[in-house]
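Read off the chains here:
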Amino acid sequence: VSTVEHVLAALAGCGVHNARIEMAGQEAPILDGSARPFALEILRHGIKHLDAPLKVLRILREVTYQSGSAWAKLIPHSEPWISFHIDFEDSAIGIQQKSLTLTNGSFIRELCDSRTFCQNKDVQAMWANGLALGGTMENAVVVDGDTVLSPGGLRHKDEAVRHKMLDALGDLYLAGAPIIGHYIGHCSGHETTNGLLRALFQDEDAYEWVKCDSDLYRIL
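Conventions used here
- Residues numbered from 1 in each chain as written.
- Predicted model: local features only at pLDDT ≥ 70, side-chain atom pairs only at ≥ 80, totals over all residues.
- Heavy atoms only, no water.
- Helix = DSSP H or I, 4+ residues; strand = E, 2+ residues; numbered from the N terminus.
- Rg over C-alpha atoms; globule rule 2.2 N^0.38 Å.
- Contact = heavy atoms within 4.5 Å.
- Areas by Shrake-Rupley, 256 points an atom, 1.4 Å probe, with all protein chains shown as cover.
- Lys, Arg positive; Asp, Glu negative; His and termini not counted.
- Charge placed at Lys NZ, Arg CZ, Asp CG, Glu CD.
- Pairing = 2+ DSSP bridges.
- Buried < 20%, exposed > 50% of the residue type's maximum accessible area, 1.4 Å probe, protein only.
- Polar contact = N/O pair within 3.5 Å; in protein donor to acceptor, adjacent residues only side chain to side chain.
- Core = buried A, V, L, I, M, F, W, Y, C linked by side-chain atoms within 4.5 Å.
- Patch = residues over 30% accessible without salt bridge, like charges linked within 9 Å, V, L, I, M, F, W, Y side chains within 5 Å.
- Salt bridge = Lys/Arg side-chain N within 4 Å of Asp/Glu carboxyl O.
- Axes fitted to C-alpha atoms, helices over the stretch in contact; angles between N-to-C directions.
- Left-handed = near helix turned anticlockwise from the far one by under 90°.
- Nonpolar A, V, L, I, M, F, W, Y, C, P; charged D, E, K, R; others polar.
- Expected span 1.5 Å × (residues − 1).

Engineer: Quick question: what am I supposed to make of the overall build of the chain here?
Structural biologist: Scanning the chain from N- to C-terminus turns up 7 helices and 11 strands. What you see for the chain is a C-alpha radius of gyration of 18 Å, in line with the 17 Å of a compact globule of 220 residues. Within the chain, contacts between residues at least 6 apart in sequence are counted, and of these 74% link residues at least 24 apart. When the accessible surface of the chain is split by element, carbon and sulfur atoms take 51% of a total near 11,700 Å². Side chains of the chain give 19 positive and 28 negative charges; the mean places of these two sets differ by 6 Å.

Below, the structure written as structure tokens:
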């Protein structure tokens, strides 16, 4: 199953650590291009507390993965943090950076409604080749130079970097548990974050599994 990052981000951001998901198809639905529809449904139905311990992944030392000019790293931190820096040629996006703690509902307030984004020339090329036919100006932020073509414009002035943070959170949840540490990404994407997780699990001294106590649970 592909394009699962928005679903996983919603699970991670809403504190869901055990779920069964059934899907008819080979990819998750794009909906509005963000994780908000998934997050709102989770909040609407509520969370069931299970009589089982929660294990989290604590970062003990820095791990870095680089692919070309893009890189990502995980460093020790007492809480789950994420920082991101992007640099795009289209001035509607340009250079953006943001740092955020992923505690106390910040995912819902700050990230979940930020949509995926792309350049208009890429959309036209995909459509011409019979790809992304379900994509519209309504479920992605489409930019062309200094112009945002999507109706209604941006939901946040820095919506692009917020969405990259959302994607990274979903990608990191492929680890199978919450990560206590600071993720830092520079122009990174799915491949970079996936490579970072692989590098992490190859270094057994860089992390430890910790049973979540009441104090740790409060920040998740």
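Engineer: Looking at this structure, how should I read the sheet that holds strand β11 (residues 207-211)?
Structural biologist: Strand pairing in a sheet relies on backbone hydrogen bonds, with the paired strands running either antiparallel or parallel. Ordered in space as β9-β1-β11, the 3 strands form an open sheet in which the pairing is mixed. What marks the edges here is a single partner per strand, and that holds for β9 (179-180) and β11.

Engineer: Would you explain the side chain of Asp-32 in this entry?
Structural biologist: Its location among the elements puts Asp-32 in the loop between α1 (5-13) and α2 (36-45). Among the residues examined, Asp-32 registers a relative accessible area of 15% and is labelled buried. A polar contact of 2.8 Å, which involves the side chain of Asp-32, links it to the side chain of Ser-34. At 3.0 Å, the side chain of Asp-32 forms a polar contact with the side chain of Arg-155. For Asp-32, the contacting residues outside a window of four places in its chain are Pro-37, Arg-115, Glu-138, Asn-139, Ala-140 and Arg-155.

Engineer: What is the right way to look at the nonpolar core in this model?
Structural biologist: Across soluble globular proteins, you tend to see nonpolar side chains buried next to one another. Within the largest apolar cluster, 47 residues are counted, with the highest numbers of intra-cluster contacts made by Phe-107, Ile-179, Tyr-183 and Leu-200. Here this core gets 7 residues from one element, more than from any other, and that element is helix α5 (residues 159-172). Beyond its immediate chain neighbours, meaning those up to four positions away, Ile-179 contacts Leu-57, Ile-59, Leu-74, Pro-80, Leu-172 and Leu-197. Core analysis: the second largest hydrophobic core is formed by 5 residues, Leu-54, Val-56, Ile-180 and Cys-212 among them.

Engineer: What should I look at first to understand a nonpolar patch on the surface in this one?
Structural biologist: On the surface, Val-1, Ile-21 and Met-23 cluster together into a nonpolar patch covering about 290 Å² of accessible area. Assignment of secondary structure puts Ile-21 in the loop between α1 and α2.

Engineer: Any chance you could explain the packing of α1 against α2 here in plain terms?
Structural biologist: Helices that pack against each other are described as a pair by the angle of their axes relative to one another and the distance between those axes. Relative to each other, α1 and α2 sit at 35 degrees, their axes nearing to 8 Å. Crossing hand, α1 versus α2: right-handed. Mapping the contact onto sequence places His-6, Val-7, Ala-10 and Leu-11 in α1 and Phe-38, Ala-39 and Ile-42 in α2. Within the contact of α1 with α2, the residues separate by chemical class into 6 nonpolar, 1 polar and no charged.

Engineer: Please clarify how the environment of Pro-29 should be interpreted in this entry.
Structural biologist: The topology assignment puts Pro-29 in the loop between α1 and α2. Overall, Pro-29 belongs to the partly exposed group, its relative accessible area being 44%.

Engineer: What should I look at first to understand helix α6 (residues 190-201) in this one?
Structural biologist: Every α-helix carries 3.6 residues per turn, so stepping three or four residues along brings you back to the same face. Its 12 residues give α6 an end-to-end C-alpha distance of 17 Å, which sits within 8% of 16 Å, the value for a rise of 1.5 Å per residue. Taken as a whole, α6 has its buried residues at Thr-192, Thr-193, Gly-195, Leu-196, Leu-197 and Leu-200.

Engineer: Looking at this structure, I do not really get the environment of Ile-21. What am I missing?
Structural biologist: With a relative accessible area of 48%, Ile-21 lands in the partly exposed category. With 14 residues separating them along the chain, Ile-21 and Val-7 place their C-alpha atoms 9.6 Å apart. Non-local contacts of Ile-21, meaning those with residues more than four positions away in its chain, are made with Val-7 and Leu-11.

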